[in-house]
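One letter stands for each residue in the lines below.
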Protein chains: 2
Amino acid sequence: MPPLASGLLGALDPTSDRAVFRQIADQLREAIDKGRFREGDKLPSETELVEHFGVSRMTVRNALSLLQQEGLAVSEHGKGVYVRPRPPVRRLASDRFARRHRDQGKSAFTVEAEAAGSRPEVDGLEVKEERPSPDISARLGSPRKVLARRRRYLLDGRPVEFATSYLPLDLARNTPIAQPNPGPGGIYARLEEMGHRLDHFDEEIRARMPTPAEVRTLRLASGVPVIHLVRTAYDVDGRAVEVCDTVMAADAYVLAYQLPAT
Amino acid sequence: MPPLASGLLGALDPTSDRAVFRQIADQLREAIDKGRFREGDKLPSETELVEHFGVSRMTVRNALSLLQQEGLAVSEHGKGVYVRPRPPVRRLASDRFARRHRDQGKSAFTVEAEAAGSRPEVDGLEVKEERPSPDISARLGSPRKVLARRRRYLLDGRPVEFATSYLPLDLARNTPIAQPNPGPGGIYARLEEMGHRLDHFDEEIRARMPTPAEVRTLRLASGVPVIHLVRTAYDVDGRAVEVCDTVMAADAYVLAYQLPAT
DNA sequence: CTTACCCACTCGTCTATACGAGTATGCGTG
DNA sequence: CACGCATACTCGTATAGACGAGTGGGTAAG
C-alpha cells in the first residue's frame, strides 16, 4: 500500500559516486520520460520523497530544483510540483510578412491566433519618442531620435511575446505609425503607403535565459529560455526603416524558415 | 580594509519582503550589469558573502545558484564563482547552403571557422544505418530505413554543435554519402551530382534547456539553453532527400535569415 | 633547484531543524 | 444552505553544522 513514490520509483545506489540528489533527479526524470508521470501530473511531495528515499528534505529539494532548471517540472507554492505541461506552440512562418498577408483589416497576430483557435490579446501598448540605444541606432543608420512602439502579446491570457518596434523619428512623426492603432495591415502597410516600398527583412535569432524583468512580463516558469529576435526592415533604396526587437517565451514558439537552394 | 565584498556590495533591507537570497542575487546582478564585476572576474567567495551579509551559507549559495540559472555566473569547484565569459558567437547566415559556397574542397564549417580565425574540429563522426524515429520518418516520407550521419563540431577545442543527418537509405546506400568523408562540398554536393537537384530547405528552430546528455556532449554551463534546428532539404521534384537535426550551444550562435518582402 | 607534501581555501553534498506562507478541505456556526 | 474558520497539507526561506573534494601555493625534503 505504498501511496505514490514507492510504486513508481526505485532505490538509491549507495555504492555509486553519483550524488544522491542527482540519483533522485535521474529516477524522476526517467519516470517522466517513460510516461509514468504525464504532463500536468503531480510528482510525489517533498515529504513523500524524503520518506521513500530516506534522505533529508534539502536533498530532495535539490533534486526537484534540478528538474525545474531542466524545464521538466514546475513547482506551485502550497500545491505541489508538477510535470511541466507543454503549451501549444505558435509557428512563425518566414512568409508571415508577405504582402498578401497584409490586406486584412486585422493584425497578423490576431488573424493567425484566431485561425489556430486561440484568443489573441495585445497589451501594454506604448508609443514613445526616444533616444535610441547604440545597437538600435547603428541598425537604423544613427538617427538622433526614434519612435518606439512597445506591446505585449497574449494567447488565451498567457503572455507569449514582448516586442518593440523602432523607426527613425523623421520618418514616423505625425504619421499613422505614431498612433496607438496604425490601422489595417500594421506599420508595414503604412510604410509602403508612405512611399517606402519594402525590399527585404533581416532577422537575427538568439536564445538565452530570461532576465528577471522578462520572467515577470512573460510569466515564465524556471527552465524556460527566451528567443530573442531582432528584425530589420529595408526599403528598396537600402534604407533601414524599422527595427523590431522581440523577446518570445521559447516554449511557445517554433520559428520556420524556407531557404532557396540557389 | 574590506577585502572584496564590502567595497562593491551594499547592505540588505530587513524591512523588504523580498527574500534575503534574492536581495543578495539582486546586488550581485546589479554589480555585474554595472561592470563592477566584469567577464571572467571572480565573485566574492561564499565565505566572504556570508560574512559581509551576516547570513548563513545556504542563503548565499541560493543567491549564487540563481545567478547561475540566469546564465550570469559559473562556479568552478575548488576555485570560485566567476562572471560567465561571453564566448565569441558563430553567425549562421541563411545563404550558407548556396551552391556558390559548395565549390571548395573543405566543409562549410571549416572554411567559415578559419575565416573567423578559429580552429575548427570535427569529432565523433559516426555513420550508421538505422530505423528512423517517427518524427524523422514523417519528414522523409516514411522510408523503412535511413542512413544516419552523426558528428560533433568544435571551435578552438570547445564543442559548439552536435548534428545528425538522416537520408533515406535507398538514396544513400553505396554512395559517397555513406563514406565517413563524403568529399568536397559535403553531402549536398554529392546529392546534386547524383541527380537530386536541390530546390529549397525548410528550417525549424526551437530553443529549450538541454538534456543531461546534451550538457555532457556540449560541455554546457548551467544557464545556457540550446537551439534545436531541424532542416529538411527538398529536391526539385518535391521529395525530402535529407533531414539534418542540429543541437547548438545557444551562447555560441546567432542565426541570421534574410526574407524577401514580397 | 626540483620534487613532494601539506595546508588553506574554494565549492559540493548532506543532515537536522524551524518557521512562514499559500492551498484545499471539511467542519461548525450562523 | 452559505459562510468562515481551523487544520493539515503543500512548498519557500533560513539557520547551523559536518564532511568531502578540487585547486593552488608555500614549505620542507631530497
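Residues numbered from 1 in each chain as written. Chains lettered and ligands numbered in written order. Predicted model: local features only at pLDDT ≥ 70, side-chain atom pairs only at ≥ 80, totals over all residues. Heavy atoms only, no water.

## So, the domain arrangement of chain A
Piece 1. The domain boundaries assigned to chain A delineate domain 1 (5-83) and domain 2 (90-256).
Piece 2. Once you take the C-alpha centre of each, domain 1 of chain A and domain 2 of chain A turn out to be 40 Å apart. (Domains from an automatic or database assignment.)

## Focus: the sheet that holds strand β3 (residues 90-93) of chain B
Piece 1. If you walk across this open sheet you meet the 8 strands as β4(A)-β5(A)-β6(A)-β9(A)-β8(A)-β7(A)-β10(B)-β3(B), and the pairing is mixed. Of all the strands in the sheet, just β4 (120-130) of chain A together with β3 of chain B have a single pairing partner and so form its edges. Taken over all neighbouring pairs, the strand axes of this sheet differ in orientation by 15° on average, direction set aside.
Piece 2. One ladder, built from 10 bridges, connects strand β5 (residues 146-155) of chain A with strand β6 (residues 158-168) of chain A; its direction is antiparallel. Bridge pairing links Leu154(A) to Pro159(A) in β6(A). (Pairing = 2+ DSSP bridges. Helix = DSSP H or I, 4+ residues; strand = E, 2+ residues; numbered from the N terminus. Axes fitted to C-alpha atoms, helices over the stretch in contact; angles between N-to-C directions.)

## Quick word on the protein's contact with DNA strand C
Piece 1. Lining the immediate environment of DNA strand C, one finds 25 residues, of which Val20(A), Ser56(A), Thr59(A), Arg57(B) and Arg61(B) sit closest.
Piece 2. Counted by atom, the contact set of DNA strand C within 4 Å of the protein is 65% sugar and phosphate.
Piece 3. Between DNA strand C and the protein, one listed contact pairs a phosphate oxygen with a side-chain N or O atom of Ser75(B) at 2.9 Å.
Piece 4. Of all the secondary structure elements, the ones that give two or more residues to the surface near DNA strand C are α2 (20-33) and α4 (57-69) of chain A together with α3 (46-53), α4 (57-69), β1 (73-76) and β2 (80-83) of chain B.
Piece 5. Partitioning the surface near DNA strand C into residue classes produces 7 nonpolar, 10 polar and 8 charged. (Near = heavy atom within 4 Å. Polar contact = N/O pair within 3.5 Å; in protein donor to acceptor, adjacent residues only side chain to side chain. Nonpolar A, V, L, I, M, F, W, Y, C, P; charged D, E, K, R; others polar.)

## What about the protein's contact with DNA strand D?
Piece 1. With respect to spatial proximity, 24 residues lie near DNA strand D, and among them Arg57(A), Arg61(A), Val20(B), Ser56(B) and Thr59(B) are the closest.
Piece 2. Of what DNA strand D places within 4 Å of the protein, 65% of the atoms are sugar or phosphate.
Piece 3. In the model, a base oxygen of DNA strand D is placed 3.2 Å from a nitrogen or oxygen of the His77(A) side chain.
Piece 4. In this structure, Arg22(B) approaches DNA strand D through a side-chain N or O atom, which is 3.4 Å from a phosphate oxygen.
Piece 5. Secondary-structure elements contributing two or more residues to the surface near DNA strand D are α3 (46-53), α4, β1 (73-76) and β2 (80-83) of chain A together with α2 (20-33) and α4 of chain B.
Piece 6. For the surface near DNA strand D, the class distribution of residues is 6 nonpolar, 10 polar and 8 charged.

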